[in-house]
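# Residue-level structural notes
Listed below, chain by chain, are the residues.
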Amino acid sequence: MTIARVDRPRRAPDTPGASGSARPPLERRQRRRSRLTALAFAAPLIAYLAAFYVYPLYRNLDLSLRDYTVRSFVAGDAPFSGWDNFQKVLDDPTFGPAMRHTMLFTFVSIAFQYAIGLALAVFFNRHFRLSATLRALFLIPWLLPLIVSASTWSWMFNSESGVVNYFLHFVGVDPVGWLTSPDWALTSVIVANIWIGIPFNLVILYSGLQNIPAEVYEAAALDGANAWQRFRRITLPLLRPVSAITLLLGFVYTLKVFDLIWITTKGGPGDASSTLATWSYQLGFGTLLPKFGPGAAVGDILILIALVFGLLYIRVQRRQEA
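The structure contained in this document is the topic of the report that follows.

What counts as what
Residues numbered from 1 in each chain as written. Predicted model: local features only at pLDDT ≥ 70, side-chain atom pairs only at ≥ 80, totals over all residues. Heavy atoms only, no water. Helix = DSSP H or I, 4+ residues; strand = E, 2+ residues; numbered from the N terminus. Buried < 20%, exposed > 50% of the residue type's maximum accessible area, 1.4 Å probe, protein only. Contact = heavy atoms within 4.5 Å. Areas by Shrake-Rupley, 256 points an atom, 1.4 Å probe, with all protein chains shown as cover. Core = buried A, V, L, I, M, F, W, Y, C linked by side-chain atoms within 4.5 Å. Patch = residues over 30% accessible without salt bridge, like charges linked within 9 Å, V, L, I, M, F, W, Y side chains within 5 Å. Salt bridge = Lys/Arg side-chain N within 4 Å of Asp/Glu carboxyl O. 1 Å grid on protein atoms, 1.4 Å probe; cavity = no way out; pocket = protein on both sides within 12 Å on 5 of 7 lines; lining within 4 Å. Points joined across faces, edges and corners; volume = space filled by probe spheres on them. Nonpolar A, V, L, I, M, F, W, Y, C, P; charged D, E, K, R; others polar. Lys, Arg positive; Asp, Glu negative; His and termini not counted. Charge placed at Lys NZ, Arg CZ, Asp CG, Glu CD. Phe/Tyr/Trp six-rings, centres within 6.5 Å; stacked < 30°, edge-to-face > 60°. Expected span 1.5 Å × (residues − 1). Arc of directions from axis to C-beta. Polar contact = N/O pair within 3.5 Å; in protein donor to acceptor, adjacent residues only side chain to side chain.

## Digging into the overall build of the protein
- Each helix and strand in the protein was counted, giving 15 helices and zero strands.
- Here the C-alpha coordinates of the protein stretch approximately 135 × 75 × 35 Å along the principal axes.
- Counting only residues that meet the buried cut, the protein has 35% of its 322 residues in that class.
- The long-range share in the protein, meaning contacts at least 24 apart out of those at least 6 apart in sequence, stands at 65%.
- Accessible surface, the protein as shown: approximately 21000 Å² in total, 65% of it carbon and sulfur.

## Some remarks on the nonpolar core
- Counting residues in each nonpolar core, the largest one holds 32 residues, and the members touching the most others are F105, L118, A121, F157, W178, L205 and L260.
- Of all the elements in the fold, those that place two or more residues in this core are α4 (95-124), α7 (146-156), α9 (185-210), α11 (227-238) and α13 (259-264).
- The biggest single contributor to this core is α9, with 11 residues.
- With residues near it in sequence (within four places) discarded, F105 still touches L186, V189, I190, N193, T254, V257 and I261.
- Among the nonpolar cores identified, the runner-up in size contains 20 residues, and I110, L255, W279 and L283 belong to it.

## Brief notes about a nonpolar patch on the surface
- Together, L130, L134, L137, F138, I140, L144, I147, V148 and W195 give the surface a local cluster of nonpolar side chains, amounting to about 760 Å² of exposed area.
- Counting residues per element, the ones that place at least two in the nonpolar patch are α5 (131-138) and α7.
- Element by element, the count of residues in the nonpolar patch is highest for α5, at three residues.
- Along the chain, the position of L134 falls in helix α5.
- Residue L134 is classed as partly exposed on the basis of its relative accessible area, which comes to 33%.

## As for empty space enclosed by the protein
- As enumerated under the stated definition, the model contains one cavity of 30 Å³ or more in all.
- Approximately 30 Å³ is the volume attributed to the largest cavity.
- Together, I110, Q113, Y114, N201, T246, L247 and G250 line the largest cavity.
- Counting only elements with at least two residues in the lining of the largest cavity, the list comes to α4 and α12 (240-255).
- Among the residues making up the lining of the largest cavity, the classes are represented as three nonpolar, four polar and no charged.

## As for a positive patch on the surface
- A cluster of basic residues, R28, R29, R31, R32, R33 and R35, forms a positive patch at the surface.
- Summarising the element assignment, R29 is placed in helix α1 (residues 23-64).

## Observations regarding the side chain of T94
- With respect to the element layout, T94 can be found in the loop between α3 (84-91) and α4.
- Beyond its immediate stretch of four places on either side in the chain, T94 contacts D271 and W279.

## Points about unusual backbone geometry
- A cis geometry characterises the amide bond from G268 onward to P269, with omega recorded as -5 degrees.
- Turning to its location among the elements, P269 is positioned in the loop between α13 and α14 (276-285).
- With phi around 55 degrees, K266 is a residue other than glycine that occupies positive phi space.
- Relative to the assigned elements, K266 resides in the loop between α13 and α14.

## Thoughts on the packing of aromatic side chains
- Enumeration over the complete set of coordinates arrives at 21 aromatic pairs.
- An angle of 55 degrees between the planes, with centres 6.3 Å apart, marks the rings of F107 and F309 as tilted. One end of the pair, F107, is in helix α4; the other, F309, is in helix α15 (residues 292-321), and 202 residues separate them in sequence.
- We classify F107 as partly exposed; its relative accessible area is 39%.
- Ring geometry for F157 versus W178: centroids 5.5 Å apart, planes at 40 degrees, classification tilted. Placement of the pair is F157 in the loop between α7 and α8 (163-170) and W178 in the loop between α8 and α9, with a sequence separation of 21 residues.
- In this structure F157 comes out as buried when scored by relative accessible area, which is 7%.
- By way of ring pairs, the aromatic residues W153, F157, W178, W184 and W195 are connected into one cluster.

## A short note on the pattern of salt bridges
- Inspection of every chain in the model, using the stated rule, returns two salt bridges.
- The residue R66 makes a salt bridge to D62 at a minimum N-O spacing of 2.8 Å.
- A network of salt bridges, in which partner residues are shared, links R59, D62 and R66.

## Here we look at α11
- In this model α11 runs 15 Å from its N-terminal to its C-terminal C-alpha over 12 residues, within 8% of the 16 Å that 1.5 Å per residue would give.
- The set of residues buried in α11 consists of F231, I234 and T235. Mapping the buried residues of α11 onto a view down its axis gives an arc of 120 degrees, with all of them on the same face. In α11, the exposed positions angled more than 90 degrees off the buried face are occupied by W228 and R233.
- Taken together, the buried residues of α11 touch α4, α9 and α10 (214-222).
- The N-terminus of α11 is capped by N226, whose side-chain oxygen sits 3.3 Å from the backbone nitrogen of W228.

Quick look at the structure:
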């Protein structure tokens, strides 16, 4: 007797055919949906950057490359002048002193702000009683509006009724024209700017110190390292990334400081305390016949200097990470 064999239908292998054809379109739709969601979240930021960064930069560049007058600024038909505005700025006798004052104001301010901020950060890192209260008090210069801080320093440095000259007279020193003397005007605004920038360095560097493990200091102390050796061999190297970004941000901010100088000295007396920022404002808005093109050209030079230092920072950071 022969039993008939019934063959079961074989299952077709998985191929991108009928059953598998629905999977790739589904994945593509999910991927497209996720991209649209990410774009929707990024849209407000993109709009903000375009409106308040990209467009102002474009307008400033356009101003520096055209021969704008008050009439053509309103009508929008200024002729193209190329690099003429930049040449006028570079040939102007004010450019040299303004550039020197800008570099001196920036680098001296950054050096003292960083040094004092680091010293205070190391001091407060010891966590003694009232440490939090004192740190909060040191934030006051940073929290005050800049116009208030500048006005306060302008009063303190006043030649006749200022508190600084009062203390000098109290110890038998002749009064000094802090804001009216060409020899002291730039020094005065540098001192005021150092006071304003110390809290920023204190906060950033203190947060960097909090990320250094205490075990590293304990091991160094057991090996016989004193406080200076621990600071030089542990604190400074481990704090290098935080220090780099602190110095870069401080440089970019200090480079464009305008409010403090304008409120205290207006760039004077003469050009004794003028910087590129105050000179750009004077060219664009300081006269009845504003020079929009040269003023915008000075602003472009400031942007270029900040961009160069930013690129140098990125290059150094990549080398350190490699």
